[in-house]
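# Structural description and commentary
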Amino acid sequence: MREPIPTPEHRVPDAAPGNWVDRCAPPAARPYLRLSRADRPIGTWLLLIPCWWGLALAILHTSEPRIADLWIGIGCAIGAWLMRGAGCTWNDITDRDLDRQVSRTASRPIVSNQVSVQQALFWMVAQAAAAFLILLTFNKVAIVLGILSLFPVLIYPFAKRFTWWPQVFLGIAFNWGILLAWTAHAGELHFAALVLYASGICWTLFYDTIYAHQDANDDELIGIKSTARLFGNRSSIWLWRFVLATVALMIFSILLALLPADRWEFLALPLLGVLAMGTHLIWQLHRFDSHDITGLLHLFRSNRDAGLILVVFFCFAIFFR
């Protein structure tokens, strides 16, 4: 195990220096906000962006933007923050014995005795309950999908114990918002949403394999499985495959959503958005170095911008429809 990285006041090493939790939050609230990863917002973005993809493509598919869609987008943003917090709290509860053995996670609130397991459980339930109240403002099908999303969230922390592909389980959980947001707008699922969901899972495999390389050495010592360890020196090849699958499935989903619905005139901007996002992912690939810990974290965080590129192009397509 690498030597622990000293951090002020229990700040975890991968939190940005000077983040708002460290600067502004009351000291008593900081352990709970760190449990929710409020000091590391990238995870919330990666949970939210697929929601916005699903909502935007559903609007283009139906060509029926409504005022209610504004609330769906805002509700997804609040819900993503809450459910990411609840999921991360659950992850820290289940992984507390493992986190003690990894330098990057040894200062997390439960491991460092800032918060008890019972307090963390209460905090997790409070966040999930608040998210459920938002979910109740959507239609019935979306509510059912939201409830079903709890199953991959509950399973994910255990995946790295029994499979070399825990990133698949993360992708299933993190991209569920595509299905939920599409349904919240359209009232039913469409095959195009499922294809976009598969694309999102491939994107998650891409960025979380990059992220997992930070802990590959520690994970090997304590027996934790990941795609980073599975691929090893062949990671670049697999990352290329994930990029190609992400882009190909995105294009297919857009064609499925727009062509049969006679929305061919909306195709140009969404397809340009996919190509722009794909270019960003290729840029990441050219800078990927599995031994550069700082660089790996930077590349992982840059996926917020990659995902938002497609959101922007979708929004332009809706505006100019």
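Structural notes, computed from the coordinates. The structure displayed is predicted, hence computed values, not measured ones. (Residues numbered from 1 in each chain as written. Predicted model: local features only at pLDDT ≥ 70, side-chain atom pairs only at ≥ 80, totals over all residues. Heavy atoms only, no water.)

### Some thoughts on the packing of helix α3 (residues 42-62) against helix α10 (residues 176-186)
Two elements in contact, α3 and α10, have axes whose closest approach is 7 Å; the angle formed by their N-to-C orientations is 35°. Pair α3 / α10 crosses with right-handed handedness. On α10, the residues that touch Pro-50, Cys-51, Trp-53, Gly-54, Leu-55, Leu-57, Ala-58, Ile-59, His-61 and Thr-62 of α3 are Gly-177, Ile-178, Ala-181, Trp-182, His-185 and Ala-186. Of the residues in the contact of α3 with α10, the class split is 11 nonpolar, 5 polar and no charged. (Axes fitted to C-alpha atoms, helices over the stretch in contact; angles between N-to-C directions. Helix = DSSP H or I, 4+ residues; strand = E, 2+ residues; numbered from the N terminus. Left-handed = near helix turned anticlockwise from the far one by under 90°. Contact = heavy atoms within 4.5 Å. Nonpolar A, V, L, I, M, F, W, Y, C, P; charged D, E, K, R; others polar.)

### A word on unusual backbone geometry
If you check the backbone angles, Arg-37 has positive phi at about 60° while not being a glycine. If you trace the backbone, Arg-37 turns up in the loop between α2 (30-35) and α3.

### Brief notes about the environment of Leu-46
Within the secondary structure, Leu-46 is located in helix α3. Placed 34 residues apart in sequence, Leu-46 and Ala-80 show a C-alpha to C-alpha distance of 9.0 Å. Dropping the residues within four chain positions of it, Leu-46 is found in contact with Phe-174, Trp-203, Tyr-207, Phe-300, Asn-303 and Arg-304.

### Digging into the side chain of Ser-199
Take Ser-199: it is sitting in helix α11 (residues 191-212). Taking relative accessible area as the criterion, Ser-199 reaches 0% and is therefore assigned buried. In this structure, Ser-199 is in contact with Thr-246, Leu-249 and Met-250, ignoring residues within four places of it in sequence. (Buried < 20%, exposed > 50% of the residue type's maximum accessible area, 1.4 Å probe, protein only.)

### Concerning the packing of α3 against α11
Where α3 meets α11, the closest approach of the two axes is 11 Å, and the angle between their N-to-C directions is 155°. By the angle between their axes, α3 is roughly antiparallel relative to α11. Crossing of α3 over α11 shows right-handed handedness. Residue-level contacts link Leu-46, Ile-49, Pro-50, Trp-53, Gly-54 and Leu-57 of α3 to Leu-196, Gly-200, Trp-203 and Tyr-207 of α11. Of the residues in the contact of α3 with α11, the class split is 8 nonpolar, 2 polar and no charged. (Parallel < 35°, antiparallel > 145°, perpendicular 65-115°, else oblique.)

### What to know about the nonpolar core
Counting residues in hydrophobic clusters, the biggest one holds 70 residues, and the most contacted among them are Trp-53, Trp-203, Phe-206, Met-277 and Phe-314. Top element by residues in this core is α3. It accounts for 13 residues. Apart from the residues lying within four places of it in its own chain, the contact partners of Phe-206 are Leu-239, Phe-242, Val-243, Leu-281, Gln-284, Leu-285 and Asn-303. In terms of nonpolar packing, the next biggest core, distinct from the first, is built from 5 residues, Leu-35, Ile-110, Val-115 and Ala-120 among them. (Core = buried A, V, L, I, M, F, W, Y, C linked by side-chain atoms within 4.5 Å.)

### Side note on α3
Between its first and last C-alpha atoms α3 spans 31 Å; for 21 residues at 1.5 Å apiece the expected length is 30 Å, and the two agree. Of all 21 residues in α3, 19 are buried; the element is thus mostly enclosed. Among the residues trailing α3, Ser-63 stands out with phi positive, at a value near 55°. (Expected span 1.5 Å × (residues − 1).)

### Digging into the packing of aromatic side chains
Throughout the structure, instances matching the rule amount to 16 aromatic pairs. Relative to Trp-238, the ring of Trp-165 lies with its centre 5.7 Å away and its plane at 75°, an arrangement referred to as edge-to-face. With a gap of 73 residues between them, Trp-165 in the loop between α8 (150-162) and α9 (166-174) and Trp-238 in helix α14 (residues 235-258) connect regions that are remote in the sequence. With a relative accessible area of 27%, Trp-165 lands in the partly exposed category. Assessed through its relative accessible area of 23%, Trp-238 is described here as partly exposed. Measuring from ring centre to ring centre gives 6.1 Å for Phe-316 and Phe-320, while their planes differ by 15°; the resulting arrangement is stacked. Grouping aromatic residues by their ring pairs yields a cluster made of Trp-53, Trp-203, Tyr-207, Tyr-211 and Phe-300. The cationic tip of Lys-160 hangs over the ring face of Tyr-156; the distance from NZ or CZ to the ring centre is 5.7 Å. (Phe/Tyr/Trp six-rings, centres within 6.5 Å; stacked < 30°, edge-to-face > 60°. Lys NZ or Arg CZ within 6 Å of the ring centre and 35° of its normal.)

### Brief notes about a nonpolar patch on the surface
A contiguous nonpolar patch, built from Phe-132, Leu-133, Leu-136, Val-144, Ile-147, Leu-148, Leu-150, Phe-151, Leu-154, Ile-155, Phe-158 and Phe-162 and spanning about 1,100 Å² of accessible area, is present on the exposed surface. Contributions of two or more residues to the nonpolar patch are made by α6 (117-135), α7 (140-148) and α8. With 6 residues, the top contributor of residues to the nonpolar patch is α8. Along the chain, the position of Leu-150 falls in helix α8. (Patch = residues over 30% accessible without salt bridge, like charges linked within 9 Å, V, L, I, M, F, W, Y side chains within 5 Å. Areas by Shrake-Rupley, 256 points an atom, 1.4 Å probe, with all protein chains shown as cover. Salt bridge = Lys/Arg side-chain N within 4 Å of Asp/Glu carboxyl O.)

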